[in-house]
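Coordinate analysis (summary)
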Amino acid sequence: MSSKVSRGEAARRDARREVREALREVGVQLAQLNRRVSGRLGLRDADMDCLDLIGRLGPIGAGPLAKAAGLHPATLTGVLDRLERAGWIVRERDTEDRRAVRIRALPERGKEVLAQFAGMNGAVQEICSRYDEQQLAVIADFLSRVAEAGRVSTLALDEAED
């Protein structure tokens, strides 16, 4: 094997390592930001995660929400009770199946969350402005694939416990 190929392989290996390290750092920084925001809003981390999922996926049933959040249904009930008492969500009867309940985030409270993330959202806007449409599509694809890999890895860990 020529040294040119070796150097190319080494450079690619180093680039992959840098991506993994950057993802780890992103995870740490976003976890810290989320903890700070949760604390300011008087929410637990699981409450904040569920509120985000309800905002993005809702109105949503408790079963799909528990699955998306990776929470046991009994744990989710406690989370929903806290969020409802604090005025973040409402539980409503499903109009098509009166036995089912749908959970919906209250938009007026959502503005409080957005205000806490304004600095980060502005910074991400600025970062994105440095990339063209095609580059942003590649970045979005990469991040979506990483998120899916995280979901698959979480499921594999869950299955290994059973």
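Here, the structure is the one placed above.
A brief report on the enclosed structure follows. (Residues numbered from 1 in each chain as written. Predicted model: local features only at pLDDT ≥ 70, side-chain atom pairs only at ≥ 80, totals over all residues. Heavy atoms only, no water.)

**A word on the overall build of the protein**
Helix and strand content of the protein: seven helices and three strands. Order of helices (α) and strands (β) in the protein, N terminus to C terminus: α-α-β-α-α-β-β-α-α-α. Relative to the compact-globule value of 15 Å for 162 residues, the protein shows a C-alpha radius of gyration of 20 Å, a clear excess of over 25%. Out of the 162 residues belonging to the protein, those deemed buried represent 16%. A separation threshold of at least 6 residues defines the contact pool for the protein, and within that pool the share at least 24 residues apart is 46%. Total accessible area on the protein stands at roughly 11,900 Å², and carbon and sulfur atoms take up 54% of it. For the protein, the distance from the average site of its 27 positive side-chain charges to the average site of its 26 negative ones is 3 Å. (Helix = DSSP H or I, 4+ residues; strand = E, 2+ residues; numbered from the N terminus. Rg over C-alpha atoms; globule rule 2.2 N^0.38 Å. Buried < 20%, exposed > 50% of the residue type's maximum accessible area, 1.4 Å probe, protein only. Contact = heavy atoms within 4.5 Å. Areas by Shrake-Rupley, 256 points an atom, 1.4 Å probe, with all protein chains shown as cover. Lys, Arg positive; Asp, Glu negative; His and termini not counted. Charge placed at Lys NZ, Arg CZ, Asp CG, Glu CD.)

**Re the nonpolar core**
Of all hydrophobic cores here, the largest spans 20 residues; its most connected members are Ile54, Leu65, Leu83, Trp88 and Ile89. Those elements that place two or more of their residues in this core are helix 1 (3-41), helix 2 (45-57), helix 3 (62-69) and helix 4 (73-85). Leaving out residues up to four positions away in the same chain, Ile54 has contacts with Ile60, Leu65, Leu80, Leu83, Ile89, Ile103, Arg104 and Ala105. (Core = buried A, V, L, I, M, F, W, Y, C linked by side-chain atoms within 4.5 Å.)

**Remarks on unusual backbone geometry**
Following Gly58, the chain continues into Pro59 via a peptide bond in cis, with omega recorded as -5 degrees. Relative to the helices and strands, Pro59 is located in the loop between helix 2 and strand 1 (60-61).

**Observations regarding the packing of aromatic side chains**
One pass over the structure, following the stated rule, counts zero aromatic pairs. Over the face of the ring belonging to Trp88 we find Arg109, whose NZ or CZ atom lies 3.8 Å from the ring centre. (Phe/Tyr/Trp six-rings, centres within 6.5 Å; stacked < 30°, edge-to-face > 60°. Lys NZ or Arg CZ within 6 Å of the ring centre and 35° of its normal.)

**Examining the packing of helix 2 against helix 4**
Where helix 2 meets helix 4, the axes come as close as 10 Å, and the angle between the chain directions of the two elements is 80 degrees. As far as their axial angle goes, helix 4 and helix 2 are roughly perpendicular. Residues Ala46, Asp47, Cys50, Leu51 and Ile54 of helix 2 lie in contact with helix 4, whose contacting residues are Leu76, Val79, Leu80, Arg82 and Leu83. Tallied by class, the residues present in the contact of helix 2 with helix 4 amount to eight nonpolar, no polar and two charged. (Axes fitted to C-alpha atoms, helices over the stretch in contact; angles between N-to-C directions. Parallel < 35°, antiparallel > 145°, perpendicular 65-115°, else oblique. Nonpolar A, V, L, I, M, F, W, Y, C, P; charged D, E, K, R; others polar.)

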